[in-house]
Amino acid sequence: MDLLRSEPMQLVQLIIPIESAHRTITYLGDLGLFQFKDLNLEKSPFQRTYAAQIKRCGEMARKLRFLKEQMMKAEFTRSTRATMCSNINLDELEVKLGELEAELEEMNTNTEKLQRSYNELLEYKLVLQKAGEFFHSAQNSATAHQKKLEEHIHGERSIDSPLLLEQEAFADPSKQVKLGFVSGLVAREKSMAFERFLFRATRGNVFLKQVVVENPVTDQLSGNEVEKNVFVIFYSGERVKNKILKICDAFGANRYPFIDDIGRQYEMITEVSGKLAELKTTVDVGQLHRANLLQTIGYEFDQWNLLVKQEKFIYHTLNMLSFDVTKKCLVGEGWCPVYATSQIQNALYRATLDSNSQIGAIFQVLHTTELPPTYFRTNKFTSAFQEIVDAYGIAKYQEVNPGVFTIVTFPFLFAVMFGDWGHGICLFLATLYFILLEKKLSGQKLGDIMEMIFGGRYVIMMMALFSIYTGFIYNEFFSVPFEIFGRSAYGCRDPSCRDATTIGLIKVRDAYPFGVDPKWHGTRSELPFLNSLKMKMSILLGVAQMNLGIIVSYFNAKFFQNDVNVWHQFVPQIIFLNSLFGYLSLLIIVKWCTGSQADLYHVMIYMFLSPTDDLGENQLFIGQKYLQLLLVSLALVAVPWMLFPKPFLLKKQHEERHRGQLYAMLDSADDMFELETHDHSHGQEEFEFSEIFVHQLIHTIEFVLGAVSNTASYLRLWALSLAHSELSSVFYDKVLLLAMGFNNIVILIIGIVVFIFATVGVLLVMETLSAFLHALRLHWVEFQNKFYAGDGYKFSPFSFGLISEDDD
């Protein structure tokens, strides 16, 4: 698989007979290797050939959404039991969806009516029960009072007995005032306001009695469970009654008729209970039938949904083709990889046979100067690395792909900042879970964060493996050094030496065989060996990667410009960069090899301030002063070399082109494309030398300043590695070891828990994200800006595999 440059592409014209057009597009959608161009940009969606079919698919999609909503309300999960088993066509599906929608709507309407009737009867039963209890209690109280009154009157009368009491006792019942009443239910949260409004509106000429209903009642308007009270309002007069009825309506209180005859009350309760039982049975039967229907729909829903989306996708694509009325065919144009030619032709041939068309589709390659789309063939391992590059910008056609280098350099630079083999193992085990269960997890819906982690599982795996490697080099396991590959090369000068840093340590044996000596971790306060090592290593890595970027840029320009003389653009860049920072890298390596104590800061500063002075103790090798003079001279020469030659060479090429000196035979369409892209901005325009010169001046200044700033930017490798190590050391020393020092099991458990949470939350999550973002910046800015334009556009073929569940 070639990831260095994108796949060779070709512009193809397809001439498809009408009778085989649908099947041809279907087979091309299954293949997923052809990107159609829209040949009807001047037409609105309603003016295109297949607008009616798209509208039809849209209506079917609406019905499917309705069915999906009904299944979600009923809490049914879609099943894939019968997916892709039945062969239903679009016409049959359209009829079936219409029938199912009508049947469900009728069921919903009937269920809603029955449920409303059931709720009304249930509320009526509550009113009969609660109000009946109130009337029964009041009647018993009145009867007892009446008996007591009669006994008092027929007993010994006193001269002091009130005459009015006697008159009331023997008064004619027909002449007594009879009060009217209204009964019903009101929401409990509105009951206090309801009572106040009644009192104010009737000036207190009503008597309200409320009884709490223990269980919530289904509200008829909202359908929610609401706590309510049963009320009975006694009044006198029609005007008061009208006011009461209006207030009840305003507060949403449901009114129900009530008879104060106890015998009739029992009959009505029995009658309402019977109707409730009948309605309950009817509603349950309807719900069961509806559930069975939704379950049947759930078995086929995914297949129907996929079919409708595919048909809509097909007709949208057919609308991009030009319709030839005279020849009764469709003409399409699009891009496809060169290697897919035979596969596309086979798909066209199968479509012709399966549609019984007498005329086959025509496949012909078109020659064009248009920039093709960019297409890289990736797999599940390389796709995530390619996404990292594509997030910055899509590579131009045949441009060198940074994704090839990213596979190695990205996880390695991450590991330089994250180097700890203990943390690396934790990260690897977490990633291994996603890799081992990738088949299971790939078919599930994950959250946004989990989806992102799962998609980049192989990137994280590489980051973890490189972190383990650099962790062994740093000799850090949760910031603790170990003598894994042998004993330390340093020992105490005398037996009294304890907790020695640099003072008191001498070299007693051969150097530690691999990585950093364990004793170096105890020297941070006296002589930061490990700190210095990481800083200088960052410079070496940065200079090496920037040189790689310039070299890639040279081959990129040579490929596109088809000119062997492009070296004049990049040789001065190589000279300038390595005269300064390449020389610094050389000094670092020489110092490491010789063990010199030379001050490299002093060497680099006075290399420019006093280039002729003797180096003294800072001299690392013979002839160093003369080499520095040469390098300074080369750096000064490289700046005008970057600035002046290119504008004059471009002017010369422009003049020769107009004199016809650059015409030559073209061997292929690729040559024509390369010449066109090189001469695109100069075709028949007047050559603006001042504009080219200013443009080159900007690029020269940008490179010179960027060489300094980019090199300094690579020091983030050292800074983040130091921060990661120090944070890990703090958690180990100030949490875990401190808890162990108390000799208390409770404190030890608390310390271990805090240490684990701090390690996971800060070091394995936040520090991972931080190192990831910094590694991303180093690739996008410091490395890719040397050669990567990223101004292309992605190859987006017509493919059914791109249809997602949320697409409409």
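Residues numbered from 1 in each chain as written. Predicted model: local features only at pLDDT ≥ 70, side-chain atom pairs only at ≥ 80, totals over all residues. Heavy atoms only, no water.

Per an unreviewed UniProt entry, the protein carries the name V-type proton ATPase subunit a and comes from Anisodus acutangulus. Heading Sequence similarities (unreviewed entry) of the UniProt record for the protein holds this comment: "Belongs to the V-ATPase 116 kDa subunit family." Per its UniProt entry, the protein bears the Function (unreviewed entry) comment "Essential component of the vacuolar proton pump (V-ATPase), a multimeric enzyme that catalyzes the translocation of protons across the membranes. Required for assembly and activity of the V-ATPase." (UniProt positions renumbered as here; feature names shortened; annotations may be inferred.)

**Student:** Honestly, the overall build of the protein in this entry has me stumped. Any pointers?
**Tutor:** The helix and strand inventory of the protein stands at 23 helices and 13 strands. Within the protein, the proportion of its 808 residues that are buried is 43%. Contacts in the protein between residues at least 24 apart in sequence constitute 80% of all its contacts with a sequence separation of at least 6. Surface summary for the protein: the accessible area is close to 45,000 Å², and the carbon and sulfur share equals 59%. (Helix = DSSP H or I, 4+ residues; strand = E, 2+ residues; numbered from the N terminus. Buried < 20%, exposed > 50% of the residue type's maximum accessible area, 1.4 Å probe, protein only. Contact = heavy atoms within 4.5 Å. Areas by Shrake-Rupley, 256 points an atom, 1.4 Å probe, with all protein chains shown as cover.)

**Student:** For this particular structure, what's the right way to read the nonpolar core?
**Tutor:** The nonpolar side chains of a soluble globular protein tend to be buried, and buried together. Within the largest apolar cluster, 70 residues are counted, with the highest numbers of intra-cluster contacts made by Phe-410, Phe-414, Val-459, Phe-576, Tyr-583 and Leu-717. No other element matches helix H16 (residues 567-594), which puts 10 residues into this core. The contact partners of Phe-414, leaving out residues within four places of it in the chain, are Leu-427, Met-463, Ser-467, Thr-768, Ala-771, Phe-772 and Ala-775. (Core = buried A, V, L, I, M, F, W, Y, C linked by side-chain atoms within 4.5 Å.)

**Student:** So what exactly am I meant to see when it comes to the UniProt feature "coiled-coil region" (unreviewed entry) in the protein here?
**Tutor:** Per the UniProt record, "coiled-coil region" (unreviewed entry) is found at residues 90-124. End-to-end, the C-alpha atoms of residues 90-124 are 50 Å apart, and along that stretch the chain is 100% helix and 0% strand.

**Student:** What is the right way to read the sheet that holds strand E3 (residues 180-187) from this model?
**Tutor:** Adjacent strands of a sheet pair through backbone hydrogen bonds, lying either parallel or antiparallel. Read from one edge of the open sheet, 4 strands run E4-E7-E3-E8, paired in antiparallel fashion. Of all the strands in the sheet, just strand E4 (207-212) and strand E8 (254-256) have a single pairing partner and so form its edges. Going from strand to strand, the sheet's axes swing by 25 degrees on average, the running direction of each strand aside. Across 8 bridges, the pairing between E3 and strand E7 (residues 228-235) is antiparallel. (Pairing = 2+ DSSP bridges. Axes fitted to C-alpha atoms, helices over the stretch in contact; angles between N-to-C directions.)

**Student:** In this structure, what is going on with the UniProt feature "transmembrane region" (unreviewed entry) in the protein? I would like to understand it.
**Tutor:** Residues given the UniProt feature "transmembrane region" (unreviewed entry) here are residues 412-437, 458-475, 537-557, 569-590, 626-644 and 735-766. From the first C-alpha to the last, residues 569-590 spans 31 Å; its make-up is 100% helix and 0% strand. From the first C-alpha to the last, residues 735-766 spans 19 Å; its make-up is 88% helix and 0% strand.

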